[in-house]
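If you want the building blocks of each chain, they are given just below.
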Amino acid sequence: MKSWPAPFVPIVPGRSPQVRVRDTVSGELVPAALGDSASVYVCGITPYDATHLGHAATYVTFDLLVRVLRDSGVKVSYVQNITDIDDPLLERAERDGIDWQQLATREIGLFREDMTALGVLPPDEYLGAVESIPTFIAPIEKLLAIGDAYLVPAPDASRPQAHDVYFDVSRDPKFGSVSRLEEADMLAVFAERGGDPDRPGKRNRLDALLWRAHRAGEPEWDGGPLGPGRPGWHIECACIACSHLGVPIDIQGGGNDLIFPHHEMSAAHARSFSGQPSFARAYVHQGMVGLDGEKMSKSKGNLVFVSELRRAGVDPMAIRVALLAHHHAQDWIWEEADLRAGQARLDTWRQAVSGNGGPPAEATIAEVRAALADDLDSPRALAAVDAWAAEALSSGGDDLGAPGVLARALDSVLGVRL
Ligand code: ZN
């Protein structure tokens, strides 16, 4: 899958300290990389709607993680997928009376434009589910062969004797270790987030779909011995992460609404077919961004789209600064005041770096790096820049190189272009 153009990342003297993130499974601060390399897998969008501020917050967060890891001297392998076939995409296309591929192509294009405008680094590998389908077949066959998956008759399929394939969660002793939810809580969110607890023929209500036999009116791909059909959502990320990064990966990332079932199931599938005891060494989850007191979600229709803000003339860097003003792990509510504050901050910083000299910037740059290396504490990083800007605007300063080097540092590690 074509990604988007990589922004220029200036080189700045010095380095970030070792980067630590709070693993949302253990609750502990852990090193994001164990040596001089790190593998990062971030769940991508399902392209049935435009990028809203919740998505933007997620991809800016992982952009920060990759920037600060690289700034600390770590070689990062960053993979992101795009779920370019799934029920929500087909349902939206049906509702709007358009071809599902046209819808996906349009929304993927808009996502690329939004990411480019927000200064987000593209992943090293950007992989569509559709183009990756051939790599899903062998792992699903293996799950069937070892008894961790089973067939469920699909009498409504387009061909007689067709079967869907399900993963048997009772076969995985570590099932539940990612979300740490009780079964009743799992069941409560399973159906809301793509699961089918009441499907007849399943062994356990939480069992997840691995392969769906072709139904009339749906697209289909060659599943080899599985028959024509299409993949389930969780196996897609498990297979892409394993085949492009190897297991265990260092960091699994995404919004905190993916913890269950998506990250729980992907980890279970990957452990089962790879035989490895762990899928991801640490999980980093982005908090939800709400609007009008509620979580921003398609079902509620309370979305603020990045592309609409851009069309209205909003500086994408003001959106980025507004997002960075909130710690990634916290849920928060978007308000107009966030954008006004982001723009005001950007204006102040731009004014502060436009003078002929300023206070020395080394300590500020070190503080920005230290803040980001400490679980991506972007509000603390922004406060350090605010302090430098306030001093530059009130007292000036005679360090002629400071404004330039600070501007390059903000571009490099915060991704904010002044
Ligand atoms: Zn995923």
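Data block above holds the structure.
Structural notes on helix 11 (residues 336–353)
Next up, step 1: Compared with the 26 Å implied by 1.5 Å per residue over 18 residues, the 26 Å span of helix 11 between its first and last C-alpha is a close match.
Next up, step 2: By the burial criterion, the buried members of helix 11 are Asp338, Leu339, Gly342, Leu346, Trp349, Ala352 and Val353. All buried residues of helix 11 fall inside an arc of 155° around its axis, so they share one side. Relative to its buried face, helix 11 has exposed residues pointing more than 90 degrees away, namely Glu336, Arg340 and Gln351.
Next up, step 3: Looking at the packing, one finds that the buried side of helix 11 touches helix 9 (306–311), helix 10 (316–324), strand 14 (332–334), helix 13 (378–395) and helix 14 (402–414).

Topic: the pattern of salt bridges
Next up, step 1: Evaluated as defined, the whole model comprises 26 salt bridges.
Next up, step 2: Among the ionic pairs, Glu220 bridges to Arg159, the shortest N-O distance being 3.1 Å. With a gap of 61 residues between them, Glu220 in the loop between strand 8 (208–213) and strand 9 (229–231) and Arg159 in the loop between strand 6 (149–153) and strand 7 (163–167) connect regions that are remote in the sequence.
Next up, step 3: Given a relative accessible area of 33%, Glu220 falls into the partly exposed group.
Next up, step 4: Among the salt bridges present, the one from Arg350 reaches Asp315, with a minimum N-O distance of 2.9 Å.

Digging into the sheet that holds strand 10 (residues 249–255)
Next up, step 1: In space, the 5 strands of this open sheet follow the order 5-4-3-10-11, with parallel pairing throughout. Taken across any chain shown, the strands that pair with only one partner, and hence form the sheet edges, are strand 5 (125–128) and strand 11 (280–286). Pairwise comparison of adjacent strand axes, ignoring direction, gives a mean angle of 20° for this sheet.
Next up, step 2: Where strand 4 (residues 75–82) lies against strand 5, 4 bridges are found, and the strand directions are parallel. If you follow Ile82 over to strand 5, its bridge partner there is Gly128.
Next up, step 3: Set on the sheet, helix 1 (residues 53–71) makes contact with strand 3 (37–42), strand 4, strand 10 and strand 11; between it and strand 4 the angle comes to about 160°.

Quick notes on the coordination of the zinc ion
Around a metal, the perfect tetrahedron of four donors has angles of 109.5 degrees, and the perfect octahedron of six donors has angles of 90 or 180 degrees.
Next up, step 1: Coordination of the zinc ion by the protein involves Cys43 (SG), Cys237 (SG) and His262 (NE2), with metal-donor separations of 2.0 to 2.1 Å.
Next up, step 2: Expressed as a motif, the donor residue spacing for the zinc ion is C-x193-C-x24-H. Taken together, the residues span a long stretch of sequence, with Cys237 in helix 7 (residues 233–245) and His262 in helix 8 (residues 259–274) at a distance of 25 residues. Comparing Cys237 with His262, the two get one shared label, buried.

Definitions and limits used
One numbering rule holds for all chains: residues counted from 1, following each sequence as written. In keeping with the predicted nature of the model, local features appear solely for residues at pLDDT of at least 70, side-chain atom pairs appear and are counted solely at 80 or more, and the whole-chain, interface and lining totals rest on all residues. Neither water nor hydrogens contribute to the side-chain values; these are computed over all heavy atoms in the structure. Numbered from the N terminus, helices here are DSSP runs of H or I no shorter than four residues, and strands are runs of E no shorter than two. To estimate how far a helix should reach, multiply one less than its number of residues by 1.5 Å. Residue burial is assigned from relative accessible area. The probe radius is 1.4 Å, only protein chains are included, and a residue is buried under 20% of its type maximum, exposed over 50%, and partly exposed in between. What the arc describes is the spread of directions from the helix axis to the C-beta atoms. Any two residues whose heavy atoms approach within 4.5 Å at even a single point are treated as in contact. Any carboxyl oxygen of Asp or Glu that lies within 4 Å of a side-chain nitrogen of Lys or Arg is treated as forming a salt bridge with it. A pair of strands is labelled paired if DSSP reports no fewer than 2 bridges between them. Working convention: axes come from line fits to C-alpha atoms, limited for helices to the stretch in contact. Angles between N-to-C directions cover 0 to 180 degrees. Only nitrogen, oxygen and sulfur atoms qualify as donors, and only when within 2.8 Å of the metal (3.2 Å in the case of Na, K and Ca); with water excluded, sites may look incomplete.

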